[in-house]
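Take a look at the letters that make up each chain.
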Amino acid sequence: MKKITNLYFCFLLSQFLFFAAPFFYVPLFDNNFSLQSSVIAHFFGLAFFTLGYFFSVKKIKGTLLVANKMNNNDKIYVFKNPFFVVSYLLMTFGLFVSILQVALFKNPLDYIHELLINREFNVNIRNDFLTESKDGGLSGVLKMFGFAPLSIYLFSFAILQFINISSLDKKKWKRLNFVALIMTIIRTLFSLERITIVAILLANLFIFLRFSFLKNSKSAYISLIWILLALLLAGFISSSRLEGGGITEFIFLYYKLGLTNLQLVIDTADGYTYGFSSIFSPLKFIFSFLNFTIDLPSPNYDWQWNPAQYLIGALYLDFGPFYIFVLFIIGKLCRLIDDKALIEKKIHYVSIYFIVMYCIFSFAGVPLSNGIDFWFSLIVPIILINRFAKRVAKVETL
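Please read all numbers here as calculations on a predicted model, not as lab measurements. (Residues numbered from 1 in each chain as written. Predicted model: local features only at pLDDT ≥ 70, side-chain atom pairs only at ≥ 80, totals over all residues. Heavy atoms only, no water.)

(A) Structural context of the overall build of the protein. Scanning the protein from N- to C-terminus turns up 17 helices and 2 strands. In the protein, which comprises 398 residues, the proportion classed as buried is 49%. Pairs at least 24 apart in sequence give 81% of the contacts found in the protein among residues at least 6 apart. (Helix = DSSP H or I, 4+ residues; strand = E, 2+ residues; numbered from the N terminus. Buried < 20%, exposed > 50% of the residue type's maximum accessible area, 1.4 Å probe, protein only. Contact = heavy atoms within 4.5 Å.)

The structure is reproduced here in structure tokens:
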């Protein structure tokens, strides 16, 4: 059976299109602008990520993407009823917060009617959704809970696929997973976040590939249906946000933007941000919430259309040519998570596996790890497991 290192493959899948980006024509940019240095920097970034992922003193085992039977030494996990109660409460509150953020500026029913029926949609509603508390929006701490439905969907999806749970709990998990998915889709209609759809798409694509070689696999068929629906929803959201532009226009725009802004950072930046554009970026939200005043490094550099940086651009702005060593470390972390989740089946690593996967895919744009929402998504499964999960017995048969 073919072995594929999943998080490594996911990273490369999201990054290889940058090599074609110089040939994309995007009217918003100077298409005669040379991107040679940024392409070279991108290549070295991928090379050092690869070295980090495969550099190990242990024998490289690889990670199976195909379906495997669980090891007989795996435990059965039982989850207390309060786990499901807390999960539903978190998801409901998160969806309520997301709708409330829009309701502060527009009647939610009118908004949905315009979005789904009239298609007379005001693209500025996305800016309203992102409005900070100082400008009339909800606080960042409250908005953070909006990611609860997606976090629990990806968490429950991974548990159902990789962890042995009791037959009684499995029914509850399937119900929880379905409700979380529906709540995530409803929230996406208010937030218009394409990356949420990417998360659903990646998780289901993984399962589809994992089971597609099996005849009459119900899991593969169900995942394929959700993949098709996710693609339709992604196209719908892209057309809403880009005033008629679809997925292709979105891909051309953001890949060209990332490479162009990286080139401008290389050419024009007069200093570095020392981590506050990437790995330390969440601290800025914490400082703001605690009303701490701190002078952060703020170098000057040119940019086109939008100052956003994708992962390598942000790391270069942070550390200059030393960005490659950070990518080396990220590669090693991805290898660790792959091994712990899919080979050793450690429940904490399994619970965050799909969350980490969609964060890695987001590295093609503004990294999710830059915001506290992502870290909230990681913490929720870990806390719920620590509080409510219990191992009760060995598994003798699958």
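(B) Structural view of the side chain of N6. Note that N6 resides in helix α1 (residues 6-15). According to the relative accessible area criterion, N6 is buried, its value standing at 4%. A polar side-chain atom of N6 sits 3.5 Å from a polar atom in the side chain of Y353. (Polar contact = N/O pair within 3.5 Å; in protein donor to acceptor, adjacent residues only side chain to side chain.)

(C) Structural context of the packing of aromatic side chains. Counted under the stated rule, the structure contains 35 aromatic pairs. Ring centres of Y53 and F54 lie 5.1 Å apart, and the angle between their planes is 70 degrees; on these two criteria the pair is classed as edge-to-face. Residue classification places Y53 among the buried residues on the basis of a relative accessible area of 0%. On the basis of an interplanar angle of 75 degrees and a centroid distance of 4.9 Å, the ring pair of F79 and W173 is categorised as edge-to-face. Of this pair, F79 sits in strand β1 (residues 75-79) while W173 sits in helix α8 (residues 167-191); the two residues are 94 residues apart in sequence, bridging distant segments of the chain. Considered together, F79 and W173 belong to a single accessibility category, that of buried residues. Aromatic ring contacts, followed pair by pair, group Y8, F11, F49, Y53, F54 and F363 into a single cluster. (Phe/Tyr/Trp six-rings, centres within 6.5 Å; stacked < 30°, edge-to-face > 60°.)

(D) Highlighting the pattern of salt bridges. Under the counting rule described, the total for this entry stands at 2 salt bridges. Between K340 and E344 there is a salt bridge; the shortest N-O distance is 3.3 Å. Taking the relative accessible area as the measure of exposure, K340 reaches 23% and is therefore partly exposed. Among the residues examined, E344 registers a relative accessible area of 37% and is labelled partly exposed. (Salt bridge = Lys/Arg side-chain N within 4 Å of Asp/Glu carboxyl O.)

(E) Region of the structure containing the environment of S362. For S362, the location among the structural elements is in the loop between α16 (353-361) and α17 (372-388). Separated by 351 residues in the primary sequence, S362 and F11 have C-alpha atoms spaced 9.0 Å apart. Aside from chain neighbours lying at most four places away, what touches S362 is I195, P367 and L368. Side-chain polar atoms of S362 contact the backbone nitrogen of L368, separated by 3.0 Å.

(F) Summary view of the packing of helix α14 (residues 323-343) against α16. The interhelical angle for the contact between α14 and α16, taken along N-to-C directions, is 150 degrees, at an axis separation of 11 Å. Between α14 and α16, the interaxial angle falls into the category roughly antiparallel. Considering how the two elements wind past one another, α14 and α16 form a crossing that is left-handed. Within the contact between the two elements, α14 uses C334, I337, D338, A341 and L342 and α16 uses Y353, V356 and I360. In terms of residue class, the contact of α14 with α16 is made up of 7 nonpolar, no polar and 1 charged. (Axes fitted to C-alpha atoms, helices over the stretch in contact; angles between N-to-C directions. Parallel < 35°, antiparallel > 145°, perpendicular 65-115°, else oblique. Left-handed = near helix turned anticlockwise from the far one by under 90°. Nonpolar A, V, L, I, M, F, W, Y, C, P; charged D, E, K, R; others polar.)

(G) Region of interest: α14. Across its 21 residues, α14 extends 30 Å between first and last C-alpha, which sits within 8% of the 30 Å expected from 1.5 Å per residue. Positive phi appears at K345, one or two residues downstream of α14, with a value of about 55 degrees. (Expected span 1.5 Å × (residues − 1).)

(H) A look at the nonpolar core. W173 and F354 are the most contacted members of the largest nonpolar core, which has 90 residues in total. Per-element tally for this core: the top contributor is helix α7 (residues 148-162), with 11 residues. W173 has contacts with F79, F83, F84, F155, S156, I159, L160 and I165, leaving out every residue within four places of it along the chain. V102, L189, F190 and L192 belong to the second largest nonpolar core, which has 6 residues in total. (Core = buried A, V, L, I, M, F, W, Y, C linked by side-chain atoms within 4.5 Å.)

(I) Summary view of the packing of helix α2 (residues 36-54) against α14. Interaxial distance between α2 and α14 falls to 7 Å at its minimum, and their mutual angle equals 40 degrees. Between α2 and α14, the crossing angle belongs to the class labelled oblique. As for the relative orientation of α2 and α14, their crossing is right-handed in sense. Between α2, through A41, H42, F44, G45, F48, F49, L51, G52, Y53 and F54, and α14, the contact on the second element is made entirely by Y323, I324, F325, L327, F328, I330, G331, K332, C334, R335 and D338.

(J) How the structure looks around the environment of F44. Along the chain, the position of F44 falls in helix α2. In this structure, F44 is in contact with Y323 and I324, ignoring residues within four places of it in sequence.

(K) Molecular detail of α7. The end-to-end C-alpha distance of α7 is 21 Å, a good match for the 21 Å that 15 residues give at a rise of 1.5 Å each. With 15 of 15 residues buried, α7 is to be regarded as a mostly interior element.

(L) Main features of unusual backbone geometry. Although it is not a glycine, Y274 sits at a positive phi angle of roughly 50 degrees. Relative to the assigned elements, Y274 resides in the loop between α11 (247-268) and α12 (281-289). Even without being glycine, K345 reaches a positive phi, approximately 55 degrees. When you line up the elements, K345 lands in the loop between α14 and α15 (347-351).

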